[in-house]
Every structure is written in C-alpha cells, then in structure tokens.
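A closer look at the structure
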Amino acid sequence: MFTSRPIGFVSSPYKSVSEIPKGLGAQHQADGVLKILPEFELGLTDLEGFSHLIVIWEFDRSPKLELRSDELHASELIGTPPSDNRPHGVFATRSPRRPNPIGLTVVELLRRDGVSLHVRGVDMLDGTPILDIKPYLSNIPDEKLRRGWLAEAEARQKR
C-alpha cells in the first residue's frame, strides 16, 4: 500500500456535485486549471506537446467505503447510475463511491502557463486533489472499443 499525496489541485467552475453534468449524453466541456504544486514543475517538462491528458484525482468529498471485506455489503458494490435505470457493479461505473476514492478524467490540454495547465473537459469539484497526470496515448482503434452497458442504455434512450 502507499499513501498518496497531491501534486496539485483543480480549479473548476463546479462548486457542488449537483452542478457536474451526469447521465446519458452528459457533456464535459467545462474549462478548468490544473494547478500543480511548484515542487513538481520539473515533471511538466514537455507535457505541452500532448493534446490530451489523463488526470488521476481523489474523490476527497465522497463517502468512503470500508475496505474490510468481511463487512462489505452488496449495496456498496452495486448501484444504479444516473445514466441507466438498472443496477451495475461499481467497477463498471464512474461512481464516486468506491473502495478506493480514485477518479480518472481525460481532459484536453489547451495551454501550459508555468505550473498551471489550462484544460477543457473537467468533471471534478473545485479544489479536488490531483494525484497524477499522464499523457493520453491510445492505440486502440475506434472499431475495437466497446462501451458495455452504457451503449445499451444509450440505445434504449434513443428508442
């Protein structure tokens, strides 16, 4: 196990969870700034050459699930997301209520100003701790990507 520590914090227009777009067709187009702590600035070297970034962050304001397996209840591992009326396992959703409160978001990098990364596509609350940033690299062709139950829910909504 490791103890995480933030490398920075998100500046976001979202001050409460209710403001973040959710559900089928939700668009994450909001601009924000990833404010990286000065001691990590050297790690940003050459990042501006990438169009998109994977941001790994902490659900710091979500209720935590207890990790003691003898006490986990099915209701903690199954939930009904806002994008479907059927329950799904927590690992098949983007629910904030998880055994480890880790979030992952892909954002478009608009520009870098020193330790500030101006991005589009934030879905995090203002002040959210950033745990890591990685350049987005995918060699998976679109025709091989599958969207699981979400594709089914989208098809049902269109009918």
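Attention here is on the structure that accompanies the text. These figures come from a predicted structure and were not determined experimentally. (Residues numbered from 1 in each chain as written. Predicted model: local features only at pLDDT ≥ 70, side-chain atom pairs only at ≥ 80, totals over all residues. Heavy atoms only, no water.)

1. A look at the overall build of the protein chain
A tally of regular secondary structure across the protein chain gives two helices and eight strands. Reading the protein chain from its N terminus to its C terminus gives the helix and strand order β-β-β-α-β-β-β-β-β-α. For the C-alpha atoms alone, the extent of the protein chain along its principal axes is close to 45 × 40 × 30 Å. The buried share of the protein chain, reckoned over its 159 residues, is 31%. (Helix = DSSP H or I, 4+ residues; strand = E, 2+ residues; numbered from the N terminus. Buried < 20%, exposed > 50% of the residue type's maximum accessible area, 1.4 Å probe, protein only.)

2. A short note on the sheet that holds strand β7 (residues 116–120)
The strands that make up a sheet are held in pairs by hydrogen bonds between backbone atoms, and each pair lies either parallel or antiparallel. A barrel is described by the order of its strands in space; here six strands give the closed sequence β1-β2-β7-β6-β3-β8, paired in antiparallel fashion. Across this sheet, the average inter-strand angle for adjacent strands is 45 degrees, counted without regard to direction. Bridging between strand β1 (residues 8–11) and strand β2 (residues 31–36) involves four bridges; their strand directions are antiparallel. Bridging from a neighbouring strand, phenylalanine 9 pairs with lysine 35 of β2. (Pairing = 2+ DSSP bridges. Axes fitted to C-alpha atoms, helices over the stretch in contact; angles between N-to-C directions.)

3. Comments concerning the nonpolar core
Ranked by internal contacts, the top residues of the largest apolar core, which has 22 residues, are Leu34, Ile36, Leu117, Ile130 and Ile133. Where this core is concerned, the elements lending two or more residues are β2, β3 (52–58), β6 (102–113), β7 and β8 (129–135). If you tally residues by element for this core, the top one is β3, at three residues. Those residues in contact with leucine 117, other than ones at most four positions away along the chain, are Gly32, Val33, Leu34, Ile36, Leu44, Leu47, Leu53, Leu109, Arg111, Arg112 and Ile133. (Core = buried A, V, L, I, M, F, W, Y, C linked by side-chain atoms within 4.5 Å. Contact = heavy atoms within 4.5 Å.)

4. What about a nonpolar patch on the surface?
Together, Leu104, Val106 and Tyr136 make up an exposed nonpolar region whose accessible area comes to about 250 Å². In this structure, leucine 104 sits in strand β6. (Patch = residues over 30% accessible without salt bridge, like charges linked within 9 Å, V, L, I, M, F, W, Y side chains within 5 Å. Areas by Shrake-Rupley, 256 points an atom, 1.4 Å probe, with all protein chains shown as cover. Salt bridge = Lys/Arg side-chain N within 4 Å of Asp/Glu carboxyl O.)

5. Remarks on the environment of glycine 43
Along the chain, glycine 43 turns up in the loop between β2 and β3. Along the primary structure glycine 43 and valine 115 are separated by 72 residues, whereas in three dimensions their C-alpha atoms are 9.8 Å apart.

6. Describing the environment of isoleucine 130
With respect to the element layout, isoleucine 130 can be found in strand β8. Each C-alpha atom, one on isoleucine 130 and one on glutamate 58, is 6.6 Å from the other, the two residues being 72 residues apart in sequence. Residues in contact with isoleucine 130, not counting those within four places in the same chain, are Arg5, Pro6, Ile7, Gly8, Phe9, Val10, Leu34, Lys35, Ile36, Val55, Ile56 and Trp57.

7. Considerations on the pairing of β2
Direction of pairing for β2 relative to β7: antiparallel, over a ladder of five bridges. Looking at the pairing, aspartate 31 lines up with arginine 120 of β7.

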